[in-house]
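# Remarks on the overall topology
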Amino acid sequence: MACCYYSNETLGENSMENRDKQRILIIEDEKNLARFIELELKHEGYETEICYNGRAGLEAAMNQDWDVILLDLMLPELNGIEVCRRLRPIKDTPIIIMTARDSVIDRVSGLDHGADDYIVKPFAIEELLARVRALLRRIDIEEEQRKVKQTTVTYRDLTIEKENRVVRRGDEHIELTKREYELLLILMENINVVLSRDVLLNKVWGYNSAVETRAADDTVRRLRKKLSDGKTVIDTVWGFGFRLKERETNEHHQGS
Ligand code: CA
């Protein structure tokens, strides 16, 4: 992916100190292995906790927030697949399965039950650390993409929250129909650009709709009424279309 510039490696050690430590839960009943992994993770700057059985692990996974969970499959009290299966409906914490059983069925079963990655024992600790970093990067990127989708569009004191399809002026919520909303969104995303009636009809009403050009004019007229505050002006460009612009002082507004 072209946008992966921000790995921990490229940011260097200082940036790890500047943000909260990332927390990793280790659910592993082989004590020596668990402690070894913990030592290495702490050395890399992560905060860790170990649970030595599935039930305690599930509880810790449910009740606290973790950036990654390292999960053994063969565990006393509750096996790893079961931990995964019970956790997933409640939390989507990234999980890396650590399995000694190199059977395709175990791995597929783990991934089917919501694990994000797996590593086969015995593994080199560097490989585990690389998997953890890769998973954290992936989560970062996904979060970033979610944020982009949520972006708001603003124009003067008007705000559109695209994800919720909410239009506000300051704190005041403005009720718009679906068409009015879509029309306003296009205008606000193209400030000072003249949009033809045809473009608006295609984008807001769709290509196959049989609406007349009047529909755009009518919707614009209703929008003007709902937004009228003397500042927000949907300008008519005669014989062509509309644009959203700011009203000049004392300029007389020509509506259609
Ligand atoms: Ca085990």
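Residues numbered from 1 in each chain as written. Predicted model: local features only at pLDDT ≥ 70, side-chain atom pairs only at ≥ 80, totals over all residues.

So, about the sheet that holds strand β9 (residues 172-173). Taken in spatial order, the 4 strands make up an open sheet running β6-β7-β8-β9, and their pairing is antiparallel. A single partner strand is all that each edge strand has here, and the edge strands are β6 (152-155) and β9. Summarising the sheet, strand β7 (residues 158-161) and strand β8 (residues 166-169) pair through 4 bridges and their orientation is antiparallel. Within the sheet, the bridge partner assigned to Ile-160 lies in β8 and is Val-167. (Pairing = 2+ DSSP bridges. Helix = DSSP H or I, 4+ residues; strand = E, 2+ residues; numbered from the N terminus.)

What follows deals with the pairing of β7. Taken together, the 4 bridges between β6 and β7 define a ladder with antiparallel strand orientation. Note that in β7 the partner of Val-153 across the bridge is Ile-160. In sequence, β6 turns back onto β7 through a hairpin of 2 residues, with Arg-156 there showing a positive phi of about 50°. Connecting the antiparallel pair β7 and β8 is a turn made up of 4 residues, with Arg-165 showing a positive phi of about 55°.

Here Lys-121 and Pro-122 are connected by a cis peptide whose omega angle stands at -5°. For Arg-156, which is not glycine, the phi dihedral falls at a positive 50°. With respect to the helices and strands, Arg-156 occurs in the loop between β6 and β7. Residue Arg-165 is not a glycine yet carries a positive backbone phi of 55°. Residue position: Arg-165 is located in the loop between β7 and β8. A residue is classified by how many C-beta atoms lie within 10 Å of it, and Arg-165, with 12 of them, is exposed. (Buried ≥ 20, exposed ≤ 12 C-beta atoms within 10 Å, placed from the backbone.)

Glancing now at the sheet that holds strand β3 (residues 68-72). Read from one edge to the other, the open sheet built from 5 strands follows the order β2-β1-β3-β4-β5, with strand pairing classed as parallel. The strands lining the two open edges of the sheet, one partner per strand, are β2 (47-51) and β5 (117-120). Going across the sheet, the axis of each strand differs from the next one's by a mean of 20°, ignoring polarity. The sheet contacts of helix α3 (residues 31-43) involve β1 (23-27), β2 and β3, and relative to β2 the element is tilted by about 170°. Sheet strands in contact with helix α5 (residues 80-87) are β1, β3 and β4 (95-99), and its direction is about 145° off that of β3. (Axes fitted to C-alpha atoms, helices over the stretch in contact; angles between N-to-C directions. Contact = placed C-beta atoms within 7 Å.)

Scope: geometric values only; no functional claims are made or implied.
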